[in-house]
Structure formats: C-alpha cells, structure tokens
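The chain contents come next:
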Amino acid sequence: MEVSVIRSSSQTNICKTELGYRDLRFCFGKNNDKLSRKPNSVYFENQITRFRKAGLRFSVKAVHSEPLLESKSSTVSKSRDRVRVFVGLPLDAVSECNKVNHVRAIAAGLKALKLLGVEGVELPVWWGVVENEAMGKYDWSGYLTVSEMVQKAGLKLHVSLCFHACRQPKISLPKWVLQIGESQSSIFYTDRSGQHYQECLSLAVDDLAVLNGKTPVQVYLDFCESFKSAFSPFIVSTITGISMSLGPDGELRYPSHHKPAKSGTISGVGEFQCYDINMLNLLKQHAEANGNPLWGLGGPHDVPTYYESPNSNNFFKDHGGSWESPYGDFFLSWYSRQLISHGDRLLSLASSIFSDTAVNVYGKVPLMHSWYKTRAHPSELTAGFYNTASRDGYEAIAEMLARNSCKIILPGMDLSDEHQPHESLSSPESLLVQIRTACRKHGVDVSGQNLAYGAPGGFEQIKTNMLGENLLDLFTFQRMGAHFFSPEHFPSFTEFVRSLSQPELHSDDLPIKEEEATESVQMSSDPNIHMQAA
C-alpha cells in the first residue's frame, strides 16, 4: 500500500518540535524499494470524508495532517492517567535472512505514528531468525537496524522475545532445534492421537538436557543475555518493555486449540496436550506419589476432540461430568500446575537478567473465552487453566506474576459478549473481569491488546476496557501493515488515539458534510503483509 502524507509546519506539542513538510510513504508489498505506482498499492485522490473526520486531508500527491494540539483544560493526567498506546510492527519486519522487510514503509509508518501521538511500537524478535543456524550463534543485525529506526523516530520500543514459531508468515523454530526434533520428537507437545505440535517445545523438557547437552531453560538464558548485551545502547532509553514467550503464540498455555475450527463452525473445546513421553513421565510420578498409579497412565479418556462441543462426551458435561470427580480434580490440578511452574521458570529467568535495568518484564495470558458460560469452562481447562464455575484458576497465575515482579498482557480488549456466537456460550467480558480482578488483588499491572482485527465495535470496547477504573499500563494495537494504513482503518485508529487524550471533540473535529468531499480509492490486497498476533 502507498500513501503520501504532508504535514503542516505548525507547532504541535505531540512532536515537541517544529516539523516542516514531511513526505511519508507507506508502501507495503512486493518490490517495495520502488515508490512508483504499482498494483499492490493504495492511492488516495481528492479529499476523503472519512479521513477528514480524523483531521486528515488527502490529495493525489499528499495527505495533509492538521496539527493535533493538546487541550490545556484537559483533565487527563500526563502520567499515570494517560494510557500509553503502542502499535505492533509486522511479524516479518525482519526476514529469516536477517534483512529488514518493507524498510521504507516501516520508516514512514514510524513517522506517522509519532505524529499521531503513539508512544511506541512492539517488535517480535524470533528465536528462529536470530539463532537459526547453530546453538549460540546469534545474528541480531536486522533487529538492531529496526531498533535504530525506532530510536531515530523518537518512539519507544517493546520487544517480544519469541521462542515459538509462526504459521503465517512462516517463521520456524531454529533449524538445529528442528533437526534434534526429527530424532527426538518427545521435545514437542503431543496429543492423544500422537500428533506433534512443532511450533514450540514441550514444557516437560524445560530442565532436561535435550538441546545438544543443554536444557531449553539454559538456551533461553543464553539468548536473553546475548540480547541484553547486543541491545545495551537501546535498553531503557528506547526499549522500555520485554515480553517473554511462554508457549504457543507467546502465550502461557498449552497448544490445545492448534487446529483451527472448521469453516462455518464454532470453536470446539480443544484437547489436552500431555502425551509426549516426558509429560507422561511427570504424570506417572505424580500419580504414584499420590497413591493412585493407575491415574498416571494418560489423560482423561472420556473427552471430546478438538472440534467438538462439551457435551459430545462425558468429561466436560455440566452435571455429572468427570471433571468434578476425584480423578478429574487430580488431573486438572497437575496439568495446570505444570503450566504455572513453566511460566514461573521463564519469567524468573527474564526478571533476574533484566533486574539491573528499568525495563519491565511481561508475560502474556490468553483469553480462552469460549464456553465460559458453562460450569466446566472446557476451553480453559484444555489450555491449562483450572478455572471453573466453582474454582478460580487465575489467582495462582497472578500470584506467580507478582512474585516475579512481572506485568501481564491480556489480548481480547476489543471483544464484547454481544458479538460472540450464541452457541459458543462465550463471555470474553466476564473472563476479562475475572482475570483483572485477580491481578488487582496481587498488584499486577495489566496491559492490553486487541485480538480480532476489525471486531465490531472494537475501538469503543477497547476504550471501555482501558479507561477509568480499568486503566491499563499500556495498550498495544496489533498490528502494522497494509490494512492498518488503509482508508477503511486508519481514520478510525486516528480518532481512537485522539479520543484518549481529548475525550471531547472540538468543533473543528466534527465530521464535514458528505457532499463537501469526494472519494476515489484504488485498492488491492497484498498477501505479503501479515497482521496476526505474535
């Protein structure tokens, strides 16, 4: 996509400097080094009403951005009461060859975000890119280049250390790790049908020397220490936060839903991931220690499959389900404790490494909201959260985060109950309240992200979840790409950011009449831009 933006030379408090005319071009797509007109571009011609609502005027050559002045009478605090807004950079901002993708587009995007008043950006740093060829051989060059770009743009940087893989765009685990996995498949999670999940390592091998004589925890430690050394010029001054990958998609959970729901169907309950040799050994030891060796032979046998509803088998039934039996409590307690212990190991590692800096460490916890209105909460149980209608499964997680002086990232701030399929018995709002209540009790600061790009009423729901008594530590919008800067999205995002510091619109900000503007937009999709969550 390509957009030209020209900003007037008026003073603005947001940039805290005088800016002359800036030509900012957003060109995400193939052959992006050339700024000539291409099929994979978006052009704004004449004045566009929707952008005028956001204080922007577009022409064939440029977009004129009106200066955004802070209201002196605003009651919004400049410190704790002002929500910090970040935007995620593309997942493939750095290629597997350690080159910066879409370099001109990203540079232009950073300038636009700075002008808008966004505080910073989030950068996914992939294990499979940095340490791809051999254990201990790190190449940070691409990510250092992006950090320099962010610093020059005057933005802050939140780094996500990703020890998992990504399906789209395809970013694998390091080659040497996958080679080990070819002969030792037990390093990966396994479901009851024997299928391996190769997008992250099983938590059961955290302390086993399965990686060329080292444990995964030792490898993660070396990686983090190398990162700290390589990025020391940026830490604190530019890098203010670091997220530690804790599982699939970086989240603290089992890959219980790694098979997407079939088209036209609602999400199933998922499956327990406890069938690799090492998980079974841990289960066996726990069962024997509790005097019930037969309970350690495997996971529950009367559970549905990935795509099925809770009532498809006996285990998750609201009344008389096995989840309420002594065996059910035994298994679910063990399963969830393993996950929390895994999170504790990795977050304590990160906290110890960065304890001598002012950088905040974060852990991401998913919003497994499907089937929340049932008594069993099966989607949460298979993901590792022993949370039911009669048991709070998030107290222990909040306590673990607090013990490691970590903050929590919660996705799904844009989701509302009214837009969920009725059949899924889902309640993202109720689950969000429950998790935040546990965090508040233990003094854990909450940061938020959106989950569904373009969710109905998403921006309004985000504002509801981040202001007032629900004040967030920061909010990160996922993520930058072609659609992010499109006329269908960017005006709404602009209004959203402005509304956080200017709750009441000035008369100049009110929409103009439709007949005062005409619109001509040429659009085409570009499969090379990816906006999923890291």
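Residues numbered from 1 in each chain as written. Predicted model: local features only at pLDDT ≥ 70, side-chain atom pairs only at ≥ 80, totals over all residues. Heavy atoms only, no water.

### A look at the packing of helix α7 (residues 277-289) against helix α8 (residues 326-353)
Note the cut-off: For helices, the fitted axis covers only the stretch in contact; all axes are lines through C-alpha atoms, and the angles between them, taken along N-to-C directions, range from 0 to 180 degrees. Counting from the N terminus, the helices are the DSSP runs of H or I reaching at least four residues and the strands are the DSSP runs of E reaching at least two. Orientation labels follow simple angle bins: below 35 degrees gives roughly parallel, above 145 gives roughly antiparallel, 65 to 115 gives roughly perpendicular, and whatever is left gives oblique. For a crossing to be left-handed, the near helix must be turned anticlockwise from the far one by less than a right angle; the clockwise case is right-handed. Throughout, a residue-residue contact means that at least one pair of heavy atoms, one from each residue, lies within 4.5 Å. Amino acid classes used here: Ala, Val, Leu, Ile, Met, Phe, Trp, Tyr, Cys and Pro are nonpolar; Asp, Glu, Lys and Arg are charged; the rest, including Gly, are polar.
It is the contact of α7 with α8, at a shortest axis distance of 11 Å, that shows an interaxial angle of 130°. If you check the angle between α7 and α8, you find them oblique. The crossing of α7 and α8 is right-handed. Mapping the contact onto sequence places Met-279, Leu-282, Leu-283, His-286 and Ala-287 in α7 and Phe-330, Phe-331, Trp-334, Arg-337 and Gln-338 in α8. Here the residues of the contact of α7 with α8 sort into 7 nonpolar, 2 polar and 1 charged.

### Quick notes on the pattern of salt bridges
Our working rule: We define a salt bridge as a side-chain nitrogen of Lys or Arg found within 4 Å of a carboxyl oxygen belonging to Asp or Glu. Only protein chains enter the calculation, and the probe is 1.4 Å; a residue is then buried if its accessible area is under 20% of its type maximum, exposed if over 50%, and partly exposed in between.
Throughout the structure, instances matching the rule amount to 21 salt bridges. Between Arg-192 and Glu-271 there is a salt bridge whose closest N-O contact spans 3.9 Å. Of this pair, Arg-192 sits in the loop between β9 (188-190) and β10 (196-201) while Glu-271 sits in the loop between β11 (239-244) and α7, placing them 79 residues apart in sequence. Owing to a relative accessible area of 8%, Glu-271 belongs among the buried residues under this scheme. Put simply, Glu-460 and Lys-463 hold a salt bridge, and the shortest N to O gap is 3.8 Å. Note that Glu-460 and Lys-463 are positioned in helix α12 (residues 458-466) at a spacing of 3 residues, about one turn of the helix. Through salt bridges with shared partners, a single ionic network connects Arg-84, Glu-119, Lys-407, Asp-445 and Asp-473.

### Side note on unusual backbone geometry
Trans is the common state for peptide bonds, and a negative phi is the common state for residues other than glycine. Gln-168 connects to Pro-169 through a cis peptide bond whose omega is 0°. Its location among the elements puts Pro-169 in the loop between β8 (156-162) and α5 (175-183). Phi is positive for Ser-405, which is not a glycine, with a value near 55°. Structurally, Ser-405 is set in the loop between α10 (395-403) and β13 (407-410).

### Focus: the packing of α8 against α10
As a packed pair, α8 and α10 sit with axes 10 Å apart at the nearest point and diverge in direction by 15°. If you check the angle between α8 and α10, you find them roughly parallel. Along this stretch, α8 crosses α10, giving a crossing that reads as right-handed. Facing Ile-340, Gly-343, Asp-344 and Leu-347 of α8, the residues of α10 in contact are Ala-396, Ile-397, Met-400, Leu-401 and Arg-403.

### Topic: helix α13 (residues 490-501)
The α-helix advances 3.6 residues per turn, and as a result positions three or four apart in sequence lie on the same side. This is how the line gets drawn: By this rule, a helix spans an expected 1.5 Å times one less than how many residues it contains.
Here α13 spans 18 Å end to end across 12 residues, near enough to the 16 Å set by a 1.5 Å rise per residue. Across the 12 residues of α13, 9 count as buried, placing the element largely inside the fold. Within α13, the full set of buried residues consists of Phe-490, Pro-491, Phe-493, Thr-494, Phe-496, Val-497, Arg-498, Ser-499 and Leu-500.

### Quick notes on the side chain of His-342
The criterion, for reference: Any pair of N or O atoms that falls within 3.5 Å is considered a polar contact. Within protein, one atom must be able to donate a hydrogen and the other to accept it, and sequence-neighbouring residues count only if both atoms are side-chain atoms.
Structurally, His-342 is set in helix α8. A distance of 2.9 Å separates the side chain of His-342 from the backbone oxygen of Leu-246, its partner in a polar contact. Beyond its immediate sequence surroundings of up to four residues, His-342 is in contact with Leu-203, Asp-206, Leu-246 and Leu-252.

### A short note on the sheet that holds β11
Definition in use: We treat two strands as partners when DSSP finds at least two bridges between them.
An order of β6-β7-β8-β11-β12-β13-β14-β15 is seen for the 8 strands of this closed barrel, with the pairing classed as parallel. Averaged over all pairs of adjacent strands, the angle between strand axes in this sheet comes to 30°, irrespective of strand direction. Sheet topology note: the strand β6 (residues 84-88)/strand β7 (residues 120-126) ladder contains 3 bridges and is parallel. Looking at the pairing, Gly-88 lines up with Glu-122 of β7.

### Quick notes on the nonpolar core
As a reminder, the rule being used: To qualify as a nonpolar core, a set must consist of buried Ala, Val, Leu, Ile, Met, Phe, Trp, Tyr and Cys residues joined through side-chain atoms within 4.5 Å.
In terms of nonpolar packing, the biggest core is built from 133 residues, with Trp-127, Leu-161, Leu-201, Met-244, Phe-331 and Phe-493 touching the most fellow members. Per element, the largest residue contribution to this core is 13 residues, and it comes from α8. In contact with Leu-201, other than residues within four places in its own chain, are Trp-127, Leu-173, Val-177, Ile-187, Phe-188, Tyr-189, Leu-211, Pro-216 and Tyr-220.

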